[in-house]
Structure formats: structure tokens, C-alpha cells
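Letter by letter, the chains look like this.
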Amino acid sequence: MNRNTKVALGGAAIAAGTIAWLAARERNSDAPASYPPLDVLKPFADDIWIVDSGPMIASGLSLPIRMTVIRLPDDSLMLHSPTRYTPALAATLAELGTIRHLIAPNIAHWTRLSAWQQAFPAATLWAAPGLRERGQVQRSGLRIDHDLGPEAPEEWGATVEQGLIHGAASFNEIWFHHRPSRTLVLTDVVQCMEPERLPPVTAFIARLSGGAAGTTPRYLRPVLRFGGQATRETLAALIALAPERVLFAHGQPFTENAATRLRQALAWAK
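Peer 1: Can you help me understand the packing of aromatic side chains in this one?
Peer 2: The relation between two aromatic rings is expressed through the spacing of the ring centres and the mutual angle of the planes. This structure, assessed with the given rule, holds five aromatic pairs. Geometrically, the ring pair formed by Trp126 and Trp156 is edge-to-face, given 4.8 Å between the ring centres and 65° between the ring planes. Placement of Trp126 in strand S6 (residues 124–127) and of Trp156 in the loop between strand S7 (146–147) and strand S8 (160–166) is noted, with a sequence separation of 30 residues between them. Their ring planes at 80° and their centres at 5.2 Å tell us that Phe248 and Phe254 sit as a pair that is edge-to-face. A residue is classified by how much of its surface remains accessible, and Phe248, at 2% relative accessible area, is buried. The rings of Tyr85, Trp116 and Phe120 are connected pair by pair, giving a single aromatic cluster.

Here it is as C-alpha cells:
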């Protein structure tokens, strides 16, 4: 065994030991990996509410997750990336309006929709392109009524505009912009998780990936670059919206200097 091999094996052993140590701390951590109080409605802007929930377990990581609720002029509600269903939350939402639209904004954020669909079978379920073709989704029995695209349907187009962020590996994410409040709603394309709120392994990965930096995680950037000029133009269009607030599924939203922070978050795509 040569010296380089010994060094590589030694480095791998150290890395494995470090990960094992972090994993043990993860199991014993009391970090909430979310934004309590959970599963309750919180005002965010005019006709916009959020619901923090979690943690969401993804690839062994404990992630905070958020639903956005938009009330349309006819008092119908859009539930963007629905989180955990509870009867109490459903009752609170019923006081705001009628749940008519359930939104699966990308291929990852759909797993909590079944419970909401069972509770509100008359609601229309809208999904990002490609979601209905996934085997796991088909086996789940989830009923997808319509695919979302680059143009908003008439059900909300007068109030909420939308567009498609397309990448490789069947990645598609639909963005929404609530015009009256100038609130941009994303899902995974921007993340801003706070390491102090996360268990150790998740905090380590969030720092490493950029998921704690208020930007696009590094693992998503090659996926989005595959979209080429069209994706760059889409991201530039989001910046041009100059939103007053930016929401996303994982982490602290942009509520101050949002337009500047969004421009900085997407600067990598130039």
C-alpha cells in the first residue's frame, strides 16, 4: 500500500468518524429544525399566511418546511406546498375562506397532499410538470387534476402570476408572485436555513451546500444550469419583479431588502 493510498484511507476514516459523531449528536439533539409554533396559521402579508411545520426528513436530514396560503379575491384559498394536515389547522383555514386549490410546486413537495385531498375532495390539485409521471406518486393514489405551466390559469391569473423554472433530471419548480402584496413564493430554488435551529448533521450539510446562505443550494445549481438560457432568463425575470417579500419552503424568508437579497441569491446564474 503506497503512501497516497494510506493518506486517502486515513482521510476517509476520519470523515466517516466525523459523520458518525455528528449523526450521534443529531439523534440526541433537541434542535427543532423548524419555526415554532408549528401547524398554526401565521399572518405574513395582506391575504398571505404561512404555516411552519416539520421537521421534514429528506435523505436523513431534518429540514424545516413551510406552507404558504394565498387568499384570492373570491375568498378561495391556494395552499402552496401543503404541510402536515391537522383538523385544527383546517378549521382555522375555513375561517379565512374556502380551500379550492392545492399546489404541488415541484417534484419533491407533494407528500402531504393526500391528507388534504381526502379532507377537501372538491379542491383542485395542481402539480408541477412531471410529477404525475413519477412512480411513487402513481402508487400513492394521489389525484392530480391539472399540470401547472409557465402561465397562470384563469382561476388566479388576475391576482397571482406564475412561471416555470426548468432544469435537468425532471426538475421543475413553479414560482408564484402575489401582485397586491408583491410577495414572491418559491420552494427550493432559494433556501435560507439557520444552522442554530438545525440538528448537527443537517446544520453541517446546510452550511456546506449553501442552504444556510440565503441562496440556491450548490447541489441544485448544476440542475438549473442545464436549463440554459431559458432558465437564466427566468431567474432574471424573478429579480426584475423586485418583490417586497420572498417566501420559500426551507428557512427564514426575506422580509427586509428582499429585492436586493433575491438578486444576491441568484447572482450565481449570470
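Peer 1: What is the right way to read unusual backbone geometry from this model?
Peer 2: Across residues other than glycine, the phi torsion is negative in most instances, and most of the peptide bonds are trans. Cis geometry marks the peptide bond from Pro36 to Pro37, where omega comes out at 0°. Mapped onto the elements, Pro37 comes out in the loop between helix H1 (3–28) and strand S1 (41–45). In this structure, the amide linkage connecting Gly54 to the following residue, Pro55, adopts the cis form with an omega of 5°. Unlike most non-glycine residues, Ala242 shows phi in positive territory, near 50°. Looking at where Ala242 falls in the secondary structure, it is placed in the loop between helix H7 (228–240) and strand S11 (245–247).

Peer 1: I keep staring at the pairing of strand S9 (residues 172–178) and nothing clicks. Help me out?
Peer 2: Across the seven residues of S9, seven count as buried, placing the element largely inside the fold. By the alternation rule, side chains of S9 split into Asn172, Ile174, Phe176 and His178 and Glu173, Trp175 and His177, which are all buried. Pairing of S8 with S9 involves seven bridges; the strand directions are antiparallel. When the sheet's bridge partners are listed, Val160 is paired in S9 with His178.

Peer 1: Help me out: how do you make sense of the environment of Thr98 in this one?
Peer 2: Inspection of the secondary structure assignment puts Thr98 in strand S5 (residues 98–104). We classify Thr98 as partly exposed; its relative accessible area is 40%. C-alpha of Thr98 to C-alpha of Leu77: the two residues are 21 residues apart in sequence and 5.7 Å apart in space.

Peer 1: It is not clear to me how the pairing of strand S2 (residues 48–58) should be interpreted in this structure. Could you clarify?
Peer 2: Successive residues of a regular strand alternate their side chains across the two faces of the sheet. Within S2, eight of the 11 residues are buried, which leaves it mostly tucked inside the rest of the structure. Pairing geometry for S1 and S2, over four bridges, is antiparallel. Paired with Leu41 across the two strands is Val51, which belongs to S2. In this structure, the hairpin formed by S1 and S2 is closed by a connection of two residues, where Asp47 is found at a positive phi of approximately 65°. Note: S2 against strand S3 (residues 61–71), nine bridges, orientation antiparallel. In the strand pairing of S3, Trp49 is matched with Val69.

Peer 1: Got a minute to help me understand the sheet that holds S9 in this structure?
Peer 2: Hydrogen bonds between backbone atoms are what pair the strands of a sheet, whose relative direction is either parallel or antiparallel. Taken together, four strands build an open sheet; the order of strands is S8-S9-S10-S11 and the sheet is mixed. What marks the edges here is a single partner per strand, and that holds for S8 and S11. Going from strand to strand, the sheet's axes swing by 20° on average, the running direction of each strand aside. Here strand S10 (residues 183–185) pairs with S11 via three bridges, running parallel. Opposite Leu184, over in S11, you have Val246 as the bridge partner. Most of the contacts of H7 go to S8, to which it runs at about 145°, and overall it touches S8, S9 and S10.

Peer 1: It is not clear to me how the side chain of Ser209 should be interpreted in this structure. Could you clarify?
Peer 2: Positionally, Ser209 belongs in helix H5 (residues 200–209). For Ser209, a relative accessible area of 13% corresponds to the buried category. For Ser209, the side chain forms a polar contact with the main-chain oxygen of Ala206, separated by 3.4 Å. Those residues in contact with Ser209 that sit more than four places away from it in its chain are Pro217, Arg218 and Tyr219.

Definitions and cut-offs
All residue numbers here refer to positions counted from 1 along the written sequence of the relevant chain. Only residues with pLDDT of at least 70 get local features here, since the model is predicted, and only at 80 or more are side-chain atom pairs given and counted; chain-wide, interface and lining totals rely on the full set of residues. For the side-chain quantities, the full set of heavy atoms in the structure was used; hydrogens and water were omitted. Each Phe, Tyr or Trp ring, with Trp reduced to its six-membered ring, pairs with another whose centre is within 6.5 Å; inter-plane angles below 30 degrees give stacked pairs, above 60 give edge-to-face pairs, and intermediate values give tilted ones. Helix numbers and strand numbers start at the N terminus; a helix is a DSSP run of H or I with at least 4 residues, a strand a run of E with at least 2. The cut-offs for exposure are 20% and 50% of the maximum accessible area for each residue type, with area from a 1.4 Å probe on protein chains only; residues under the lower value are buried, those over the upper are exposed, and the others partly exposed. Two strands qualify as a pair provided that DSSP identifies no fewer than 2 bridges between them. The angle between two axes is taken between their N-to-C directions and runs from 0 to 180 degrees, where each axis is a line fitted to C-alpha atoms and a helix contributes only its stretch in contact. Note on definitions: a residue-residue contact is assigned when non-hydrogen atoms from the two residues lie within 4.5 Å. In protein, a polar contact means a hydrogen-donor-capable atom and an acceptor-capable atom, both N or O and within 3.5 Å, with residues adjacent in sequence counting only if both atoms are side-chain atoms; elsewhere, any N or O pair within 3.5 Å suffices.

Treat this as a map of the structure, not an account of what it does.
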